[in-house]
Amino acid sequence: MTSTHFSDLAAILRHADAVIADPQMLERLSKDFYWYSPILKALLEDKRAEAVVQPRSREDIQNVLRYCFDQGIPVTVRGSGTGNYGQAIPLEGGVVIDLALMDRILAIEPSGVAVCEPGARLITIENEARKVGWELRCYPSTYVKASVGGFLGGGSGGIGSITYGGLRDNQTVQGIEVLTMEPEPRFVRFDGDAVHQILHSWGTNGLITEVRLALGPKRDWAQLAVAFDAYDAAYTFAENIANDTVTPKRLVTVFEWPIPSYFAPIQRFCPLGQSLIFFLVENSALPEVVRKAALAGGTIVYSQPYTEPRKGPLLTDYTWNHTTLWALKTDPALTYLQCGFNPETARQQFRLIRARFGEDFLFHIEFVKNDRGLIIPAALPIVRFKDEEYLNEMIDYCREIGVTVANPHVNQVEGGGRFRSDNIQLRAKYQFDPRGLLNPGKMATFSPEDTTAGKVTDRA
Ligand SMILES: Cc1cc2nc3c(=O)[nH]c(=O)nc-3n(C[C@H](O)[C@H](O)[C@H](O)COP(=O)(O)OP(=O)(O)OC[C@H]3O[C@@H](n4cnc5c(N)ncnc54)[C@H](O)[C@@H]3O)c2cc1C
């Protein structure tokens with residue numbers, strides 16, 4: 001980019017401060033949590049934007065896209081940069097559009113739908129929704145920082161998915177408005193199933209400018225941690241609670257020892273050598289879950305009925321992909337995978353993996369509801385990284401024994417297990433970003449020379 005590009009962008013945004021060129025800021029605003037993966041770390045370390053712009057309105061974004069299209073400048077959109085596959089890292093320089101200033105909640109509709117700008121933080125939506133009797137259906141453990149646009153663009157689910165499924169399920173995303181990357185960028189609305197053209201596309205096929213997110217009725221959530229001598233017993237108890245239909249719940253997480261030993265700030269709740277379960281259950285159900293846990297041989301190491309504001313540790317800070325963060329802080333040679341065990345044969349799958357990889361593969365289970373309403377032991381196992389070959393051996397072996405793997409060590413949408421086999425994200429890319437200027441390089445099946453959606457062959 002040239003100095004003319006910088007002054008043009010400042011003029012378009014009517015503010016010199018809206019265009020960032022400071023090298024340290026460029027570095028910071030070009031990066032996410034890609035370093036979770038030793039493979040992505042090596043691949044993406046030197047990638048950064050040439051400029052970061054901070055628009056304040058839909059019209060600002062439209063004007064920036066029009067200009068960048070005309071000048072052939074690549075554009076990568078950023079929410080809060082907490083993605084961990086390098087989704088928001090620009091591979092070909094150009095402009096990063098940081099949506100931090102477009103963070104308004106436009107409405108919480110009485111029917112339980114939040115209407116938001118893309119930069120709205122999930123915690124703000126949760127807090128505002130709770131004031132009027134609603135709450136997020138599901139959210140990532142990064143919800144304090146993460147934006148709703150980034151969650152739709154690069155996330156998958158989290159706390160709440162045990163009841164509501166993933167972000168893409170149950171019409172949780174009711175509608176989105178997207179800006180296209182064309183000579184004259186257009187606002188296009190997607191409602192109902194049409195949203196799947198855009199969801200989890202890493203900002204490669206349109207820039208989300210507004211979100212309509214279905215909420216769930218607010219509940220008062222109690223926190224509970226239960227320790228068991230053996231992982232098998234912990235898994236069985238967690239599985240029972242995950243599957244029962246009487247306990248309203250938001251979180252059922254199992255950690256095999258020594259994973260709890262990584263949770264430095266809450267060591268007092270992590271007995272040596274024991275596996276742990278973390279629950280969020282409805283306040284009124286807490287006494288019954290405590291009673292059942294004791295009957296099953298568990299020790300209650302932490303039990304906190306609902307309080308607002310919450311005091312003491314927030315258990316979700318140790319779940320989902322936060323678990324990996326604590327592991328990495330303890331031992332940088334650790335990394336993770338994203339797996340789905342078979343609910344029928346999970347125990348056998350655990351045994352086979354243990355026999356093959358020993359303690360290089362540690363079980364961290366997050367029970368979730370799948371799109372058919374079944375409770376599944378999803379997992380973010382902590383694995384020891386020796387080299388890429390060993391990591392691939394783990395992935396191949398998991399698949400061989402029926403454990404699904406969404407590989408988090410790839411930097412293309414197609415590699416991560418969330419790319420639609422019906423090609424609708426790719427078709428949308430041809431339609432809305434024909435020159436391939438949005439987050440270039442991240443949708444590998446797209447080729448800018450092949451500019452008609454009709455040429456997209458079904459790979460399913
Ligand atoms: C410690 C830790 C824990 C995590 N736990 C979870 C978890 O429980 N569940 C989960 O799903 N994820 C999890 N993640 C990943 C990540 O935090 C979430 O997916 C989060 O929702 C991303 O939001 P963000 O605003 O940071 O997005 P970013 O990282 O800024 O962006 C993510 C992707 O979306 C694109 N994007 C951003 N805004 C838009 C937009 N307006 N239009 C189109 N595309 C856009 C970006 O280009 C990028 O490709 C975790 C990550 C970390 C580091």
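(A) Spotlight on the overall build of the protein chain. The secondary structure content of the protein chain amounts to 13 helices and 21 strands. In terms of overall dimensions, the protein chain is globule-like: its C-alpha atoms have a radius of gyration of 22 Å, near the 23 Å expected for 460 residues. Per-residue burial for the protein chain yields a buried fraction of 50% across its 460 residues. A separation of at least 24 residues holds for 69% of the contacts in the protein chain among residues at least 6 apart in sequence.

(B) Representation of the pairing of strand 19 (residues 375–379) in the model. With respect to burial, strand 19 is a largely interior element, four of its five residues being buried. Two strands pair when backbone bridges link them, and strand 16 (residues 339–340) and strand 19 are joined in this way by two bridges, in the antiparallel orientation. Note that in strand 19 the partner of Gly 340 across the bridge is Ala 378. In this sheet, strand 19 lies alongside strand 18 (residues 364–369) in antiparallel orientation, the contact comprising five bridges. Along strand 19, the bridge assignment pairs Glu 366 with Ala 378.

(C) Quick look at the nonpolar core. Formed by 130 residues in total, the largest nonpolar core has its most connected members in Val 75, Ala 238, Ile 277 and Phe 279. The contacts of Ile 277, once residues within four sequence positions are left out, are Ala 225, Val 226, Ala 234, Phe 237, Ala 238, Thr 253 and Val 254. Of all hydrophobic cores here, the second largest spans seven residues; its members include Val 413, Phe 419, Tyr 430 and Met 443.

(D) A look at the domain arrangement of the protein chain. Taken domain by domain, the protein chain comprises domain 1 (3–98), domain 2 (105–217 + 414–422) and domain 3 (221–405). The centre of domain 1, based on its C-alpha atoms, is set 21 Å off from the matching centre of domain 2. On the domain 2 side, the residues contacting the 15 residues of domain 1 number 21 residues. For the side of domain 1 that touches domain 2, the secondary structure elements donating two or more residues are helix 4 (58–71) and strand 3 (75–78). At six residues, helix 4 tops the list of elements feeding residues into the side of domain 1 that touches domain 2. When its residues are assigned to classes, the side of domain 1 that touches domain 2 shows six nonpolar, seven polar and two charged.

(E) Up close: the packing of helix 1 (residues 3–13) against helix 4. Contact geometry for helix 1 and helix 4: axes closest at 9 Å, N-to-C directions at 155 degrees. For the element pair helix 1 / helix 4, the angle class is roughly antiparallel. Every pair of crossing elements has a handedness; the one defined by helix 1 and helix 4 is right-handed. On helix 4, the residues touching His 5, Asp 8, Leu 9, Ile 12 and Leu 13 of helix 1 are Asp 60, Asn 63, Val 64, Tyr 67 and Gln 71. When grouped by side-chain class, the residues that make up the contact of helix 1 with helix 4 number five nonpolar, three polar and two charged.

(F) Layout of the sheet that holds strand 20 (residues 382–384). Overall, antiparallel pairing links the three strands, which are arranged 15-20-17 in an open sheet. Looking at strand neighbours, the two that pair on one side only are strand 15 (334–336) and strand 17 (361–362), the edges of this open sheet. Two strands pair when backbone bridges link them, and strand 17 and strand 20 are joined in this way by two bridges, in the antiparallel orientation. Bridged to Leu 362 within strand 20 is Ile 382.

(G) Region of interest: unusual backbone geometry. Residue Trp 257 is joined to Pro 258 through a cis peptide bond whose omega torsion reads 15 degrees. Locating Pro 258 in the fold gives a position in the loop between strand 12 (249–255) and strand 13 (275–282). Of note in this structure, His 200 is not a glycine but carries a positive phi near 50 degrees. Examined against the element boundaries, His 200 turns out to sit in the loop between strand 9 (187–191) and strand 10 (207–217).

(H) Structural view of the site of the ligand. Close contacts around the ligand come from 38 residues, with Gly 79, Gly 150, Gly 153, Gly 154 and Gly 155 the closest. At the level of secondary structure, the elements contributing two or more residues to the shell around the ligand comprise strand 3, helix 6 (148–154), strand 10 and helix 10 (320–330). Top element by residues in the shell around the ligand is helix 6. It accounts for five residues.

(I) Quick peek at the sheet that holds strand 19. What the eight strands build is an open sheet, ordered 14-11-13-12-18-19-16-21; its pairing is antiparallel. Pairing within the sheet leaves two strands with one partner each, and these edge strands are strand 14 (299–304) and strand 21 (404–405). Direction of pairing for strand 16 relative to strand 21: antiparallel, over a ladder of two bridges. Looking at strand 21, one finds that Cys 339 is bridged to Val 405.

(J) View of the environment of Lys 131. Within the secondary structure, Lys 131 sits in helix 5 (residues 122–131). By the C-beta count within 10 Å, which is 9 here, Lys 131 ends up exposed.

(K) Geometry of the environment of Ser 30. Looking at the element boundaries, Ser 30 is found in helix 2 (residues 23–30). In this structure, the C-alpha to C-alpha distance between Ser 30 and Trp 134, residues 104 residues apart in sequence, is 34 Å.

(L) Seen up close, the pairing of strand 6 (residues 113–116). Along strand 6, the buried face is formed by Ala 114 and Cys 116; none of Val 113 and Val 115, which line the opposite face, is buried. Relative to strand 6, strand 5 (residues 105–109) runs antiparallel, the two being bridged by four bridges. Its bridge partner being in strand 6, Ile 105 is matched across the sheet by Cys 116. Connecting strand 5 to the antiparallel partner strand 6 that follows it, the hairpin turn spans three residues, and Gly 112 within it adopts a positive phi of roughly 90 degrees. Here four bridges tie strand 6 to strand 10, and the two strands are oriented antiparallel to one another. The partner of Ala 114 across the bridge, within strand 10, is Leu 213.

Conventions adopted
- Residues numbered from 1 in each chain as written.
- Predicted model: local features only at pLDDT ≥ 70, side-chain atom pairs only at ≥ 80, totals over all residues.
- Helix = DSSP H or I, 4+ residues; strand = E, 2+ residues; numbered from the N terminus.
- Rg over C-alpha atoms; globule rule 2.2 N^0.38 Å.
- Buried ≥ 20, exposed ≤ 12 C-beta atoms within 10 Å, placed from the backbone.
- Contact = placed C-beta atoms within 7 Å.
- Pairing = 2+ DSSP bridges.
- Core = buried A, V, L, I, M, F, W, Y, C linked by C-beta atoms within 7 Å.
- Domains from an automatic or database assignment.
- Nonpolar A, V, L, I, M, F, W, Y, C, P; charged D, E, K, R; others polar.
- Axes fitted to C-alpha atoms, helices over the stretch in contact; angles between N-to-C directions.
- Parallel < 35°, antiparallel > 145°, perpendicular 65-115°, else oblique.
- Left-handed = near helix turned anticlockwise from the far one by under 90°.
- Near = placed C-beta within 6 Å.

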